[in-house]
Structure formats: C-alpha cells, structure tokens
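In case you want the letters, here they are:
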Amino acid sequence: KVARASIISLGKTGDENIAMAIIRMLGHKDKAVRYYAVNILGEFGLKIGFKGILGMVKDKSPQVRLVAVNVLGKLRIKEYIPVFTEVLTLDTNPYVRLAAAKSLILMGDYTGYGLIKNELYNKNTDLKRDAIETLGLIKDKSSVSIIEDLYSYPNPEIKEKVIWSLGEIGEESAFKFL
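So, here's what we can say about the structure. Within every chain, residues take consecutive numbers counted from 1 along the sequence as written. Residues qualify for local features only when their pLDDT is at least 70, as the model is predicted, and side-chain atom pairs are given and counted only at 80 or more; totals for whole chains, interfaces and linings, by contrast, use all residues. Hydrogens and water are ignored here; the side-chain numbers use all heavy atoms of the structure.

### Some words on the overall build of the protein chain
Logical step 1: Secondary structure assignment for the protein chain yields 11 helices and 0 strands.
Logical step 2: Counting from the N terminus, the helices are the DSSP runs of H or I reaching at least four residues and the strands are the DSSP runs of E reaching at least two. Counting from the amino terminus, helix and strand elements in the protein chain follow one another as α-α-α-α-α-α-α-α-α-α-α.
Logical step 3: Under the scheme applied here, a residue whose accessible area is under 20% of the maximum for its type counts as buried, over 50% as exposed, and between as partly exposed, the area being computed with a 1.4 Å probe on protein chains only. Every one of the 178 residues in the protein chain was classed for burial, and the buried ones make up 46%.

### Here's the deal with unusual backbone geometry
Logical step 1: One non-glycine residue, R76, lies in the positive phi region at around 55°.
Logical step 2: For R76, the location among the structural elements is in the loop between α5 (62-75) and α6 (81-90).
Logical step 3: Residue K139 is not a glycine yet carries a positive backbone phi of 55°.
Logical step 4: Secondary-structure assignment places K139 in the loop between α9 (125-137) and α10 (144-149).

### Regarding the side chain of T134
Logical step 1: Along the chain, T134 falls in helix α9.
Logical step 2: On the accessibility criterion, T134 (0% relative accessible area) is buried.
Logical step 3: Here a residue-residue contact requires only that any non-hydrogen atoms of the pair lie within 4.5 Å. Sequence-distant contacts of T134, that is, excluding residues within four places in its chain, are made with K102 and I116.

### Regarding the packing of helix α7 (residues 94-106) against α9
Logical step 1: It is at 10 Å that the axes of α7 and α9 come closest, and there the two elements cross at 0°. In terms of orientation, α7 and α9 fall into the roughly parallel class. When α7 is examined against α9, the residues P94, Y95, L98, K102 and L106 are found in contact with a partner set consisting of D126, L127, D130, A131, E133, T134 and L137.
Logical step 2: Just so you know the grouping, Ala, Val, Leu, Ile, Met, Phe, Trp, Tyr, Cys and Pro go in nonpolar, Asp, Glu, Lys and Arg go in charged, and all remaining residues, Gly too, go in polar. Residue classes in the contact of α7 with α9 are distributed as 7 nonpolar, 1 polar and 4 charged. Lines fitted to C-alpha atoms define the axes here, with helix axes fitted over just the stretch in contact, and angles between the N-to-C directions of these axes take values from 0 to 180 degrees. Any angle that is under 35 degrees is reported as roughly parallel, and any over 145 degrees as roughly antiparallel; angles of 65 to 115 degrees are reported as roughly perpendicular and all others as oblique.

### A look at α5
Logical step 1: For α5, built from 14 residues, the straight-helix expectation of 20 Å at 1.5 Å per residue is met to within 8% by its first-to-last C-alpha distance of 20 Å.
Logical step 2: Of the residues making up α5, those classed as buried are V64, R65, V67, A68, V69, V71, L72 and G73. Expected span of a helix: the number of residues minus one, times 1.5 Å.

### Some words on the packing of helix α3 (residues 31-44) against α5
Logical step 1: One can describe the packing of α3 onto α5 by two numbers: an axis separation of 9 Å at closest approach and a directional angle of 5°. Classified by the angle between their axes, α3 and α5 sit roughly parallel to one another. Of the residues in α5, those in contact with K31, R34, Y35, V38, N39 and G42 of α3 are Q63, V64, V67, A68 and V71.
Logical step 2: Class assignment for the residues of the contact of α3 with α5 results in 6 nonpolar, 3 polar and 2 charged.

### What to know about the nonpolar core
Logical step 1: Counting 53 residues, the largest nonpolar core has V38, L41, V69 and F84 as its most contacted members.
Logical step 2: Looking at which element gives the most residues to this core, the answer is α7, with 7 residues.
Logical step 3: Apart from residues lying up to four places away in sequence, V38 is in contact with L26, I53, M56, V64, V67, A68 and V71. In these notes, a set of buried Ala, Val, Leu, Ile, Met, Phe, Trp, Tyr and Cys residues joined through side-chain atoms within 4.5 Å is what counts as a nonpolar core.

### A look at the packing of aromatic side chains
Logical step 1: In this analysis, rings of Phe, Tyr and Trp, with Trp reduced to its six-membered ring, are considered paired at centre separations within 6.5 Å, and the interplanar angle assigns stacked below 30 degrees, edge-to-face beyond 60, and tilted for intermediate values. One pass over the structure, following the stated rule, counts 2 aromatic pairs.
Logical step 2: Summarising the aromatic geometry, the rings of Y110 and Y113 are spaced 5.9 Å apart at their centres and angled 50° between planes, so their arrangement reads as tilted.
Logical step 3: For Y110, a relative accessible area of 44% corresponds to the partly exposed category.
Logical step 4: Two conditions define a charge sitting above a ring: the NZ of Lys or the CZ of Arg must be within 6 Å of the ring centre, and it must be within 35 degrees of the ring normal. Above the face of the W164 ring, K161 is positioned so that its terminal group lies 4.9 Å from the ring centre.

### Here's the deal with the environment of V38
Logical step 1: Structurally, V38 can be placed in helix α3.
Logical step 2: In this structure the C-alpha to C-alpha distance between V38 and N70, which are 32 residues apart in sequence, comes to 10.0 Å.

### Some details on the pattern of salt bridges
Logical step 1: Within this document, salt bridges are pairs made up of a side-chain nitrogen of Lys or Arg and a carboxyl oxygen of Asp or Glu, the two lying within 4 Å of each other. For the structure shown, the criterion picks out 10 salt bridges.
Logical step 2: Close ionic contact of E86 with K58 constitutes a salt bridge, the shortest N to O distance being 3.1 Å. A residue pair is termed long-range when its members are at least 10 positions apart, and E86 in helix α6 and K58 in the loop between α4 (47-56) and α5 qualify at 28 residues.
Logical step 3: Assessed through its relative accessible area of 33%, E86 is described here as partly exposed.
Logical step 4: Using a relative accessible area of 60% as the deciding quantity, one classes K58 as exposed.
Logical step 5: We note a salt bridge from E133 to K161, for which the minimum N-O separation is 3.7 Å. Of this pair, E133 sits in helix α9 while K161 is found in helix α11 (residues 156-169), placing the two residues 28 residues apart along the sequence. As far as the burial class goes, E133 and K161 line up, both buried.
Logical step 6: Residues joined by salt bridges that share partners form a network here, namely D126, R129, D130 and E157.

Written out as structure tokens, the structure is:
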C-alpha cells in the first residue's frame, strides 16, 4: 500500500524527473503497484516511460496488461502496431484483446475489426458496450443496422452507447432513440 500511495503522490507532482523511479516500480511484485505505475507513466507522456509500458503488455496480471494497452493505444504510435497485433492474437483476456483491436483500428489498422464486430453479440455487457463505442469512434457506417438493433438490449448502458455511437457515425437514426 505504501508503494501504491508513493506512485500516486509522485505522479501528482508532475515532475518529469520522477519518471525513472516510477519505471523501476514496473517490476514490483504487487500488480496494483505495476498498474498505477503504468497509468502514471502514461499521464506523463514521456518517451522514456514508453519502453517500460511496452513490456507491461505481457504482464501476468490482465489488469496491468489492459491499462498498458490502453495507455499505449492513446499515443497512436504506428510503430507499436506489431505489439497490438501480437496482443490481439495471443492474449487470453477478452478485455485486453478488445483494447488492442480498438487501438489498432484507431491507428488505421483493421486487423482487429472482426473481433470488434463479434463482440457486438457477446453476452458480456462491458465487451458489447466497448465494441459499440469503437464502431462509433471509427464512424463505421456498415454497422449502423446492427448497432440500431442493439437498442433493444435490456441494459441502459447499451442503449446510451447505441445513441452515442450512432451520433458519432452521423446517422440521423440516432434521433429516433432520443
């Protein structure tokens, strides 16, 4: 708990000189410490931390891998496409794979497009919601009818994401759900 609190406190200072200390925490035995270290390094946006975060996409903890993929995905650095492709192919966690697919698509690589479309039919609400959001972000007009059909799904988060996604795509059909 002390290490976690230290990372958060150090990260809040915004001092770039602290990055090296946080990078060392990527090897900590506690997954929560590694998780916070990845997050803080991502907030710093320092290239010095990117290499450390890259290694975390293979961490034993799915939560750490997920945050590493999300942090790296926000950077949209095309040279990381092979890393995301490997995660998409080899990771055993569906949330991590979906995050990798989303990162790839947002960088213009549609390797994970099929996975995203498949998640629209997943019973897991979180995965379904993230897939709907991703299709909205990329303004995928070919998915409009599928997304519209998901409005009947009995979950308010899904309904909200359907409307948001259709609005992002630019479909006037979003108005009929308001």
